[in-house]
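Architecture at a glance
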Amino acid sequence: SFGFGTKAEETSAGIREKERDNNNKVTKNMALRNQYTALSSEAHDDGIEPLINRRKALMRARDERLKGKNTAAANDRLLDSGSLLPNKRTDDDEEDDEYDADESMSLLESKSSNYLTALQKSFNSPPSQYSNFEVKEMYTAVKRADQDGTKRPLVKQLLTKLHDATPNDSRVLRRLARMEQEDGNISTARQILQHGLRRNPNDAHLLQGLGNIELSSGNDVAARRYFRSAIQANPEFPNPHHALGTLEHSRGRIRVATSILKKGLKSCPANHRLHHALGDLYRDAGLFDLAESSYRSGLAHGPNWSRPFAYTALSYLSYEKNRDLDACRNWLRRGLGINNGMHSQGWIALAHLEESEGLIVEAREVYIEAITRYEMILAKKRNLREGQGRQDEKHNTQMSQTSIRPPSNGAKPAIDPVRSGDKWMNVYKSWAQFEDKHGSYRTANDAFSRGTIAFPRDWSLPLQWARLQVKYGMKERARKLFAVACDRAGSSHADPYRLYAEFEMSQKNYSRARSILFLGAQSLSVSSDGGLGNRGDLARLYYTWAICEWHLGDIIRAEVLFDHSLRLTDAGENGSEIRSLILYAIARLEYARGEYLLAQHCVGLSLKENLMPGGNSQIWLLWADIAKAMDNDSLEKECLNQAEILSSQESKGATEDLSRLLGLRRKSTGNSGLSVPDSQDQVMTRSAVQKLLRKEPWHSKISNTPSGDDTWYERVVLPDISPIQETVEN
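Since this is a predicted model, take the numbers as computed values, not measurements.

Turning to the overall build of the protein chain, a few remarks are in order. The secondary structure content of the protein chain amounts to 33 helices and zero strands. Residue burial in the protein chain is summarised as follows: out of 730 residues, 46% are buried. The long-range share in the protein chain, meaning contacts at least 24 apart out of those at least 6 apart in sequence, stands at 62%. Within the structure as shown, the protein chain displays about 37,300 Å² of accessible surface, and the carbon and sulfur contribution to it stands at 51%.

Given below as structure tokens:
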């Protein structure tokens, strides 16, 4: 009996010792986790979730090394004690843990030269006022607000708050800059990215974003510089390789583009976009086998959402290779069977293919099928988001105060507004143009109506809708739609104001046109970048305003506005066309005032640009009039001879002057005051060449002009001049 009691007491003591050992182990593990949690709450500068993931990987690596290093010692302890209970850890073991953790961190850091710098910056940063949970909630709120499509100011506000929480997260800066760029605030977008670069000068994503801004602004030199800097900062980042390669391709530098794309594939061999871009280059060069190989490589490496683009490209290849229409349709339908058919480019290509073959009914069915599917999918997303929003209202969190809710008045659009960057607006535009050409006013009107509802923030759709009303003589409806386009554009773009004013000028309502142009200039001048983000558009607006003032007889104001327009033109080749036109208009104005020497000087400057819209012959004719007014018969005769030679060349569409290869001419004008294409007089601009590279190969069969460029200057008619009368008045 006594022996049994002693054995029981020994057993109880052993159990208590085991419990103490387990408690000690749990306590130490909890302390270690708390230590890493505290570090993660402080490390807010370099992106919260990525940093947490790195620390988790660090802990796993340390545990694996400890497991392998202490296996033999642990087995010895187990054999000596005869127990399977875990042994107590000594201070020496804890020191080994710290050493092993540091060693594991060094092994991970060796994979990237930038890792150590980023980690030290995160550890040394001041404590964040936001927890990881709050940052994640802000990310979620930004995503939902952006998808809602109607809360743009809220999205910017949340992004600004998120940037304060994670100042080194380039994703926030890129999204904020993208939104400013879409709103027309080019200078603000550029400033945001440059501010981020001052903190992280080698951030390839920010350099890539700046390159895209410069490219959209027409500054090819700066765009190339930023793209090359991004490649140098991170050669394994594929986007700058793709952007620079496609830029050189669009500019006709085939060898340079090929070299850039191949170099990018060496660094990023599994990037589907680089394979696709190289395939486009081979296809344009007629190397169809190489193009097909590149497209199929893109299919093999790309994610599921990228496959429709590759299938569409393969349909283009089948058409150019052997005009196999069945193969084209099969490739396009195969791409549309992925991702619920949300590939807008594929639907447009399929509709254009049917239209190019004269199958009008089939083309209309494609458009209706595409739009119906798109609206149904967005309606489902709206319902899911509203249900999620009702669930979120139950949570009493800090972010609930800024949650997205449906409009309070109960009014809902026919479909859910989509987030920025949605390319389906092009489907609505293409459908409306198709109905205008092959349908009726009613069907085209319906297409524009559905598109305007689907994209409630876009100004280009109501603008095109207004021009449809002008074509059919619905002037009051046109005015209402022009006003809607101006309201939507706000301070972001000058085109709605200018086109509205040009319509009024075509109706001889010059006073009303002046008011519209003044409102447009005022709206853009109070924007965040003073309208300088769209310098070319603002220059056109001032040019139109100057012509309007000239018609109203205010020559002094017209002169000032011409000067403003000239100052806002882009430097170099990008601004040569409008600069030549402005100088020609100034020359006419000075000729009308009797300032013949100044008019002759402006004529020379206009000829120097060598890119006069419509041809240089009209400049020589004006110079001949100036020479006649100056009693210079020999100069007049020479100018008339040059004008006759150029006019003959321009009428044939051929010239030895390179500028004629860059000018697109449309001469005839309808009764509505809007330009009408002349298919017998077409020369492609550089922008037209760039757009043509992105068009399907059968697009030329359904379009009167290879380009969608609008010859805006032909709707602004210069006043007739009478040099004798103007000379007497002067």
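With that settled, the discussion passes to unusual backbone geometry. Phi at lysine 508 is positive, roughly 65 degrees, even though this residue is not glycine. The residue lysine 508 is located in the loop between helix H24 (495–506) and helix H25 (510–525) in this model. You can call lysine 508 exposed: its relative accessible area is 61%. A positive phi is found at aspartate 631, a non-glycine position, where the angle reads about 60 degrees.

With 97 residues, the main nonpolar core has Phe482, Tyr543 and Phe562 as its most contacted residues. What phenylalanine 562 contacts, discounting residues up to four positions off in sequence, is Tyr543, Ala546, Ile547, Trp550, Ile582, Ala585, Ile586 and Leu589. In this structure, Met179, Ile192, Leu197 and Leu206 belong to the second largest nonpolar core, which totals 28 residues.

Along the chain, alanine 313 falls in helix H16 (residues 307–322). For alanine 313 and glutamate 292, which are 21 residues apart along the polypeptide, the C-alpha to C-alpha distance reads 8.9 Å. Dropping the residues within four chain positions of it, alanine 313 is found in contact with His276 and Tyr295.

Enumeration according to the criterion identifies 30 salt bridges in this entry. Notably, a salt bridge pairs lysine 701 with glutamate 357, separated by 3.3 Å at the nearest N-O pair. Here lysine 701, found in the loop between helix H32 (686–694) and helix H33 (723–729), pairs with glutamate 357, found in the loop between helix H18 (344–356) and helix H19 (360–392); they are 344 residues apart in sequence, far enough to count as distant. The exposure class assigned to glutamate 357 is partly exposed, which follows from its relative accessible area of 32%. The residue glutamate 369 makes a salt bridge to arginine 373 at a minimum N-O spacing of 3.6 Å. In this pair, glutamate 369 and arginine 373 are both assigned in helix H19, four residues apart and thus about one turn of the helix distant. Each of the salt bridges in this network shares a partner with another, and the network as a whole consists of Asp289, Glu292, Arg296 and Lys321.

Here the structure, examined in full by the defined rule, presents 15 aromatic pairs. Taking 6.2 Å as the distance between ring centres and 10 degrees as the angle between the ring planes, the aromatic pair formed by tyrosine 542 and tryptophan 545 counts as stacked. One end of the pair is tyrosine 542 and the other is tryptophan 545, both in helix H26 (residues 535–551) and three residues apart, which spans about a single turn. Judged by its relative accessible area of 9%, tryptophan 545 falls in the buried class.

Attention now moves to the side chain of threonine 452. Of note, threonine 452 is situated in helix H21 (residues 441–454). Here the side chain of threonine 452 touches phenylalanine 448 through a polar contact of 2.8 Å, landing on its backbone oxygen. Threonine 452 has contacts with Leu461, Pro462, Trp465 and Arg488, leaving out every residue within four places of it along the chain.

What follows deals with the environment of isoleucine 645. Structurally, isoleucine 645 can be placed in helix H31 (residues 633–652). When the C-alpha atoms of isoleucine 645 and serine 617 are compared, they prove to be 8.1 Å apart, with 28 residues separating the residues in sequence.

Per-residue confidence for the protein chain gives a mean pLDDT of 74; residues scoring 70 or more make up 65%. Long-range and interchain partners of residues 654–692, a stretch whose pLDDT sits below 50, account for 92 contacts in this model, where long-range means more than four residues apart. A low-confidence stretch, residues 723–730 stays under pLDDT 50, and its non-local contacts, those more than four residues away or across chains, total ten contacts.

Here H21 crosses helix H22 (residues 460–471) at 160 degrees, and the two axes come no closer than 9 Å. Relative to H22, H21 is oriented roughly antiparallel. Taken as a pair, H21 and H22 cross one another with a handedness that is left-handed. Contacts between H21 and H22 involve Tyr441, Ala444, Asn445, Phe448, Ser449, Gly451 and Thr452 from the former and Leu461, Pro462, Gln464, Trp465, Leu468 and Gln469 from the latter. Class assignment for the residues of the contact of H21 with H22 results in seven nonpolar, six polar and no charged.

In contact at an axis separation of 9 Å, helix H15 (residues 288–301) and H16 are set at 165 degrees when each is read in the N-to-C sense. Looking at the two axes, H15 sits roughly antiparallel to H16. Judged by the sense of rotation from one axis to the other, the crossing of H15 with H16 is left-handed. From H15, Phe288, Asp289, Ala291, Glu292, Tyr295 and Leu299 reach across to H16, where they touch Arg307, Ala310, Tyr311, Ala313, Leu314, Leu317, Glu320 and Lys321. Per-class residue counts for the contact of H15 with H16 are nine nonpolar, no polar and five charged.

We now examine helix H28 (residues 576–593). In this model, H28 (18 residues) spans 26 Å end to end at C-alpha, consistent with the 26 Å of a helix rising 1.5 Å per residue. Of all 18 residues in H28, 16 are buried, a share of seventy percent or more. Just downstream of H28, glycine 594 is the residue with a positive phi angle, here 90 degrees.

Our focus in this paragraph is the environment of asparagine 185. The residue asparagine 185 is located in the loop between helix H8 (170–182) and helix H9 (186–199) in this model. When the C-alpha positions of asparagine 185 and histidine 493 are compared, they lie 9.3 Å apart, and in sequence the two are 308 residues distant.

What follows is about H22. Residues spaced three or four apart along an α-helix face the same direction, because each turn holds 3.6 residues. An ideal rise of 1.5 Å per residue puts 16 Å on twelve residues; H22 measures up with 17 Å between its terminal C-alpha atoms. Burial of H22 is extensive: nine of the twelve residues sit out of reach of the surface. Residues Ser460, Leu461, Pro462, Leu463, Trp465, Ala466, Leu468, Gln469 and Val470 constitute the buried set of H22. Of the residues flanking the end of H22, it is glycine 473, one or two places downstream, whose phi is positive at about 80 degrees.

Criteria and cut-off values
- Residues numbered from 1 in each chain as written.
- Predicted model: local features only at pLDDT ≥ 70, side-chain atom pairs only at ≥ 80, totals over all residues.
- Heavy atoms only, no water.
- Helix = DSSP H or I, 4+ residues; strand = E, 2+ residues; numbered from the N terminus.
- Buried < 20%, exposed > 50% of the residue type's maximum accessible area, 1.4 Å probe, protein only.
- Contact = heavy atoms within 4.5 Å.
- Areas by Shrake-Rupley, 256 points an atom, 1.4 Å probe, with all protein chains shown as cover.
- Core = buried A, V, L, I, M, F, W, Y, C linked by side-chain atoms within 4.5 Å.
- Salt bridge = Lys/Arg side-chain N within 4 Å of Asp/Glu carboxyl O.
- Phe/Tyr/Trp six-rings, centres within 6.5 Å; stacked < 30°, edge-to-face > 60°.
- Polar contact = N/O pair within 3.5 Å; in protein donor to acceptor, adjacent residues only side chain to side chain.
- pLDDT = per-residue confidence, 0-100.
- Axes fitted to C-alpha atoms, helices over the stretch in contact; angles between N-to-C directions.
- Parallel < 35°, antiparallel > 145°, perpendicular 65-115°, else oblique.
- Left-handed = near helix turned anticlockwise from the far one by under 90°.
- Nonpolar A, V, L, I, M, F, W, Y, C, P; charged D, E, K, R; others polar.
- Expected span 1.5 Å × (residues − 1).

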